[in-house]
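An overview of the molecular structure
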Amino acid sequence: MIYTVTLNPALDYFMGFDKVVQGEINRANSAYMRPGGKGIIESRMLTRLGTPNVALGFLGGFSGKFIQDFLHHEGVASDFTEISEVTRVNMTAKTATDETSFNAAGPNLTLKEVQQFLVKFDSLTKDDIVVLAGKSLPELGADFYQQLIATIKAKGAQFAIDVEGQDVLEALPQHPIVIKPNREELGEIFSVKFDSVESILPYGRKMLDLGAQNVMISMAGDGALLIADDGNAGSKAYFAEPVKGILKNSVGAGDSTVAGFLAEWQTSHNPVKAFKQGVACGTAKVFSEDLPSREFINKCFEKITIKEIS
């Protein structure tokens with residue numbers, strides 16, 4: 001079973017505008033709401049792919065109920081911890097040319113709520129994968145992800161981590177199945193800027209050397225990279241060429257990529273097959289307003305070209 005963890009979910013409110021003028025009243029021409037949070041999006045994508053999974057995290061209030069009901073309607077299994085405060089609401093303003101997001105702070109949690117959440121890890125087995133996704137809450141402490149990883153490893157389960165910065169680096173010695181920084185996030189970790197695919201490779205390999213089993217690096221419209229162990233104390237790098245299409249909604253593309261990778265990895269343990277599935281899911285998400293259908297994912301999959309580059 002795959003479990004996704006979203007410590008700070010959100011109800012995402014999307015509004016469409018012809019244009020947005022700061023300081024004036026802007027009237028939307030469209031609006032809709034969706035469950036937000038990296039792990040939740042990953043659970044939705046895994047369900048699209050027919051991969052059994054359970055979404056974990058904290059939910060509360062009217063926005064938490066909306067998320068719970070929405071996931072239930074989609075057939076996404078969940079076991080959220082109910083909290084007394086209201087789940088945050090984020091807003092994204094979209095025009096034909098750009099997107100601007102406004103993200104709220106998270107709720108305050110009680111000690112009892114945190115303890116109720118931690119109990120859910122007691123039943124993990126060696127056949128399980130836990131995806132730790134998105135930012136933690138400050139009140140949980142800087143080492144909360146490390147505590148969760150220790151619990152996961154103690155049960156013999158594996159994990160993937162889809163977070164930024166220091167949390168990624170601290171997780172690497174515990175050998176996550178996959179990490180997926182984008183080009184900019186990887187540059188921030190090492191305080192460098194990249195001017196070519198070739199300039200990225202040494203830093204992706206560094207993440208592999210530090211402990212990651214597989215490193216995916218997304219480059220938006222420039223494609224994606226995979227760096228994986230070659231089984232002979234070395235590594236191989238693969239490039240996924242970008243697929244052309246009309247950008248509709250980039251929110252959740254990276255999360256969809258991680259979900260696609262894990263759905264394939266769980267069954268084949270083939271990093272290249274998993275990479276292609278992940279890129280197909282991320283590509284289909286970018287070209288869809290909401291999560292894409294399985295049929296559209298399959299169409300994008302057929303357009304993905306993977307080539308070994310070193």
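In what follows, the structure referred to is the one given above.
Below is a short write-up of the structure. This is a predicted model, so every value here is computed, not measured.

1. What about the pairing of strand S6 (residues 88-94)?
- Within S6, five of the seven residues are buried, which leaves the element mostly enclosed by the surrounding structure.
- Taken together, the seven bridges between strand S2 (residues 10-16) and S6 define a ladder with parallel strand orientation. Along S6, the bridge assignment pairs Met15 with Ala93.
- Across four bridges, the pairing between S6 and strand S7 (residues 99-102) is antiparallel. From the neighbouring strand, Lys94 faces S7, where its bridge partner is Glu99.
- With antiparallel pairing between neighbouring strands as the criterion, S6 and S7 make up a hairpin whose turn holds four residues.

2. Remarks on the pairing of strand S8 (residues 129-133)
- Judged by how many residues are buried, S8 sits mostly within the fold: five of five residues are covered.
- Alternating residues of S8 divide into Ile129, Val131 and Ala133 and Val130 and Leu132, and every residue in both groups is buried.
- Here strand S1 (residues 2-6) runs beside S8; their pairing, made up of five bridges, is parallel. From the neighbouring strand, Thr6 faces S8, where its bridge partner is Ala133.
- Here five bridges tie S8 to strand S9 (residues 158-162), and the two strands are oriented parallel to one another. Counted as the bridge partner of Val130 is Phe159 from S9.
- Of the crossover connections in this fold, the one passing from S8 over helix H4 (residues 144-154) to the parallel S9 is right-handed.

Rules used in this analysis
- Residues numbered from 1 in each chain as written.
- Predicted model: local features only at pLDDT ≥ 70, side-chain atom pairs only at ≥ 80, totals over all residues.
- Heavy atoms only, no water.
- Buried < 20%, exposed > 50% of the residue type's maximum accessible area, 1.4 Å probe, protein only.
- Helix = DSSP H or I, 4+ residues; strand = E, 2+ residues; numbered from the N terminus.
- Pairing = 2+ DSSP bridges.
- Right-handed = clockwise from strand over helix to strand, strands pointing away.

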